[in-house]
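Fold and geometry: a report
Each chain, written out:
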Amino acid sequence: HIWTSPINAIKMVQEIETALNEIDPDNSSIYTKNADNYISQLNELDKKFKDIVANGADRELIFSGRFALTYFAAQYSLKCDSAYDSCSTETEPSVASITRLINEIKENNIPVIYYEELIDPKVGRSIAEQTGAELMLFHTCHNISLDDFNAGKTYIDLMNNNAIALQAGLKK
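Now for a look at the structure at hand. Quantities reported herein were computed from a predicted structural model and do not represent experimental measurements. (Residues numbered from 1 in each chain as written. Predicted model: local features only at pLDDT ≥ 70, side-chain atom pairs only at ≥ 80, totals over all residues. Heavy atoms only, no water.)

Some remarks on the sheet that holds strand β2 (residues 79-82)
Spelled out, the test is: Strand pairing is assigned whenever DSSP identifies at least 2 bridges connecting the two strands. The helix count covers DSSP runs of H or I at least four residues long, the strand count covers runs of E at least two residues long, and both are numbered beginning at the N terminus. Here an axis means a line fitted to C-alpha atoms, over the contact stretch when the element is a helix, while the angle between two N-to-C directions is reported on a 0 to 180 degree scale. In what follows, residue pairs with any heavy atoms lying within 4.5 Å of each other are defined as contacts.
The strand order across the open sheet formed by four strands is β2-β1-β3-β4, and the pairing between neighbours is parallel. Each having just a single partner strand, β2 and β4 (134-137) make up the two edges of the open sheet. Here the strands of the sheet are splayed against their neighbours by 35 degrees on average, with no regard to which way each runs. Across the face of the sheet, helix α4 (residues 95-108) comes into contact with β1 (60-63), β2 and β3 (112-115) while running at roughly 140 degrees to β2. Against the sheet, helix α7 (residues 155-169) makes contact with β1, β3 and β4, and its axis sits at roughly 150 degrees relative to β3, the strand it touches most.

So, in structure tokens, the structure goes:
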């Protein structure tokens with residue numbers, strides 16, 4: 001999930017641009033213009049995340065699902081905890097893990113518990129009911145619903161929604 005960091009996404013765009021320019025040099029100006037435009041949007045996104053973190057009251061995020069945002073968290077020096085101990089679909093959270101998160105949310109007045117796209121956030125709902133934390137989507141951008149696809153949602157759109165969710169989670 002390296003793409004969850006906008007800085008890594010910039011590197012990916014640059015690599016794609018280089019490859020396209022090598023394959024199709026006749027249209028390199030188009031690829032370069034498009035890459036520059038997208039990189040500009042990614043830089044704006046990165047700045048937005050940095051500003052949110054810099055102005056946040058905390059740096060701790062709680063996830064009710066299988067945590068797939070390691071690169072994002074590292075990019076913005078965020079502490080993250082999850083009900084699951086891995087991204088494997090073969091695991092389930094333990095009662096001890098859920099209890100630990102409930103206690104952590106209550107003790108630290110954490111306002112939001114996040115879940116990822118295209119899953120039933122039943123674990124998150126249970127934790128939210130026990131703590132009063134708001135349940136919010138934090139998109140990993142590796143899956144997209146048919147509705148979002150049909151609406152033309154992009155990585156930038158999804159990550160801007162994540163910025164709103166991040167801001168809600170970092171204030172107390």
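There is more to say after this.
Focus on the packing of aromatic side chains
Which entries qualify depends on this criterion: Here a Phe, Tyr or Trp ring, Trp counted by its six-membered ring, pairs with any other such ring whose centre lies within 6.5 Å, and the pair is stacked when the planes are under 30 degrees apart, edge-to-face when over 60, and tilted otherwise. Whether a residue is buried, partly exposed or exposed follows from its accessible area with a 1.4 Å probe, protein chains only, as a fraction of its type maximum: under 20%, in between, or over 50%, in that order.
Evaluated as defined, the whole model comprises eight aromatic pairs. Between F49 and Y76, the ring centres sit 5.5 Å apart and the planes meet at 45 degrees, which makes this aromatic pair tilted. Within this pair, whereas F49 is found in helix α2 (residues 28-55), its partner Y76 is found in the loop between α3 (70-75) and β2, the two being separated by 27 residues in sequence. By relative accessible area, F49 is classed as buried at 0%.

Some points on the nonpolar core
The condition that has to hold: Residue types Ala, Val, Leu, Ile, Met, Phe, Trp, Tyr and Cys, when buried and joined through side-chain atoms within 4.5 Å, form a set referred to as a nonpolar core.
The biggest cluster of nonpolar side chains holds 32 residues, and the ones touching the most others in it are F72, L78 and L166. Of all elements in the fold, only α1 (6-23), α2, β1, α3, β3 and α7 reach the threshold of two or more residues within this core. Ranked by residues supplied to this core, first place goes to α7 with eight residues. Not counting residues up to four positions away in its chain, the partners in contact with L78 are V53, R59, L61, F72, A73, L166 and L170. Within the second largest apolar cluster, twelve residues are counted, among which are Y84, I102, V123 and A128.

Some details on the pairing of β4
Each regular strand carries side chains that alternate between the two faces of the sheet. When β3 meets β4, the two strands line up parallel, connected through four bridges. Across the sheet, Y114 pairs through a bridge with M136, a residue of β4.

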